Amino acid sequence: MSRGSPGPSWASLLLLAGCGPGFLAGSHPQVVLAPPTIASFRWDCDLDAGTWTLTAEATSWTGGGEAVITRDLTYVELHDVRATESAPDGSAETLQLVLSIVSDWRAQASGRSTVFTCGQDPTVAFTLLDTSGEPVDCVVEGPVAERLAKRPEVQCGPATPTDTGASAETGDTAAR
């Protein structure tokens, strides 16, 4: 049985399929990363679902974030916060942490649950990390915000804690 001439080359198949170099170059946005900052921040409790949710919008791709939660600075929880959505061009990222409320501190698991109930109003510090994992921005909210911001677990990077209502032009920052 004779094979005849060889079939088309892979390069010609790619060009015929529209996947040649010109197609690839124009199909992806150019990524130019700037150091991320916190554009918005929410820390909410859903009594019916029995969950706390931290949501942060960043101005660029990140390396995730870290949350420190406490009421009294004696019992402190540490949680990693992961990206849930990213803009293809690197211009934005959404980070979220959803924690189930547990009644026994021994059942608390980092990144999954918390002992703080909706009625306890815990203070939260959220630190945003750049793509190298370095702290670059943070926000601290709650009754003991100023004291928590001074703890070694809270690393705000080159800036002081961010008040998400601060003016971007002035660079004014403060704990809330």
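Position numbers for residues count from 1 along each chain, tracking the sequence in the order it is written. Side-chain atom pairs in this predicted model are given and counted only at pLDDT of 80 or more, local residue features only at pLDDT of at least 70, and totals for whole chains, interfaces and linings cover all residues. Here the side-chain values reflect all heavy atoms present in the structure, with hydrogen atoms and water set aside.

## Regarding the overall build of the protein
Moving on, step 1. When helices and strands are tallied, the protein shows 3 helices and 8 strands.
Moving on, step 2. Secondary structure counts use DSSP, requiring at least four H or I residues in a row for a helix and at least two E residues in a row for a strand, with both numbered from the N terminus. In sequence order, the secondary structure elements of the protein are arranged as α-α-β-β-β-β-β-β-β-β-α.
Moving on, step 3. Throughout this description, buried means an accessible area under 20% of the type-specific maximum (1.4 Å probe, protein chains only), exposed means over 50%, and partly exposed covers the range between. Looking at the protein as a whole, 34% of its 176 residues qualify as buried.
Moving on, step 4. Sequence separation of at least 24 residues holds for 56% of the intrachain contacts in the protein that already meet a minimum separation of 6.
Moving on, step 5. Here the Shrake-Rupley method, with its probe set to 1.4 Å, supplies the accessible areas, and only the displayed protein chains count as covering residues. In the form shown here, the protein has an accessible surface area of approximately 10,500 Å², with 54% of it arising from carbon and sulfur atoms. Here, residues are in contact when the closest pair of their heavy atoms is within 4.5 Å.

## Brief notes about the state of the cysteines
Moving on, step 1. Disulfide: a pair of cysteine sulfur atoms within 2.5 Å of each other. Per the stated rule, a full pass over the model turns up 2 disulfides.
Moving on, step 2. Disulfide pairing is shown between Cys 138 and Cys 156; the S-S distance is 1.9 Å. Across the S-S bond of Cys 138 and Cys 156 the torsion is about 70 degrees, and the bridge reads as right-handed. A residue pair is termed long-range when its members are at least 10 positions apart, and Cys 138 in strand 8 (residues 135-141) and Cys 156 in the segment after helix 3 (145-149) qualify at 18 residues. Each member of the pair, Cys 138 as well as Cys 156, is classed as buried.
Moving on, step 3. Sequence-ordered numbering of the bonded cysteines in the protein yields a pairing of 1-2, 3-4.

## Thoughts on the confidence of the model for the protein
Moving on, step 1. When the pLDDT values of the protein are averaged, the result is 82; 74% of them are 70 or greater.
Moving on, step 2. Values of pLDDT, which run from 0 to 100, indicate the predictor's confidence residue by residue. For residues 10-23, every residue scores under 50 in pLDDT, and the model assigns this stretch 7 contacts once sequence neighbours within four places are set aside.
Moving on, step 3. Long-range and interchain partners of residues 162-176, a stretch whose pLDDT sits below 50, account for 27 contacts in this model, where long-range means more than four residues apart.

## Comments concerning the side chain of Asp 130
Moving on, step 1. For Asp 130, the position within the fold is in the loop between strand 7 (123-129) and strand 8.
Moving on, step 2. Put simply, Asp 130 is tucked away with no salt bridge, and the nearest opposite charge, on Arg 82, sits 14 Å away.
Moving on, step 3. Dropping the residues within four chain positions of it, Asp 130 is found in contact with Pro 36, Thr 62, Gly 63 and Val 136. Positive: Lys, Arg. Negative: Asp, Glu. His and the chain ends are not part of the count. The salt bridge criterion pairs a side-chain nitrogen of Lys or Arg with a carboxyl oxygen of Asp or Glu, the two atoms within 4 Å.

## A few points about the pairing of strand 2 (residues 51-58)
Moving on, step 1. The buried fraction of strand 2 is high, at 6 of 8 residues.
Moving on, step 2. The criterion for strand pairing is that DSSP finds at least two bridges linking the strands in question. Pairing of strand 1 (residues 38-46) with strand 2, which is carried by 8 bridges, proceeds in the antiparallel orientation. Across the sheet, the residue bridging to Asp 44 is Thr 53, located in strand 2.
Moving on, step 3. In sequence, strand 1 turns back onto strand 2 through a hairpin of 4 residues, with Gly 50 there showing a positive phi of about 70 degrees.
Moving on, step 4. Pairing of strand 2 with strand 5 (residues 93-101), which is carried by 8 bridges, proceeds in the antiparallel orientation. Residue Ala 56 lies in a different strand from strand 5, and its bridge partner there is Leu 95.

## Points about the nonpolar core
Moving on, step 1. Ranked by size, the top nonpolar core spans 19 residues in total, and within it Phe 41, Trp 43, Leu 54, Val 81, Val 124, Phe 126 and Leu 128 carry the most contacts.
Moving on, step 2. Going through the elements one at a time, strand 1, strand 2, strand 3 (65-70), strand 5, strand 7 and strand 8 are the ones with two or more residues in this core.
Moving on, step 3. Element by element, the count of residues in this core is highest for strand 2, at 4 residues.
Moving on, step 4. Among the nonpolar cores identified, the runner-up in size contains 11 residues, and Cys 138, Val 140, Ala 149 and Val 154 belong to it. To define a nonpolar core, start from buried Ala, Val, Leu, Ile, Met, Phe, Trp, Tyr and Cys residues and group those joined through side-chain atoms within 4.5 Å.

## Considering unusual backbone geometry
Moving on, step 1. In this structure, Leu 73 is a non-glycine residue whose phi angle is positive, near 70 degrees.
Moving on, step 2. On the secondary structure map, Leu 73 appears in the loop between strand 3 and strand 4 (76-86).
Moving on, step 3. Positive phi, close to 50 degrees, is recorded for Asp 121, a residue that is not glycine.
Moving on, step 4. Within the element layout of this structure, Asp 121 appears in the loop between strand 6 (113-114) and strand 7.
Moving on, step 5. Overall, Asp 121 belongs to the partly exposed group, its relative accessible area being 45%.

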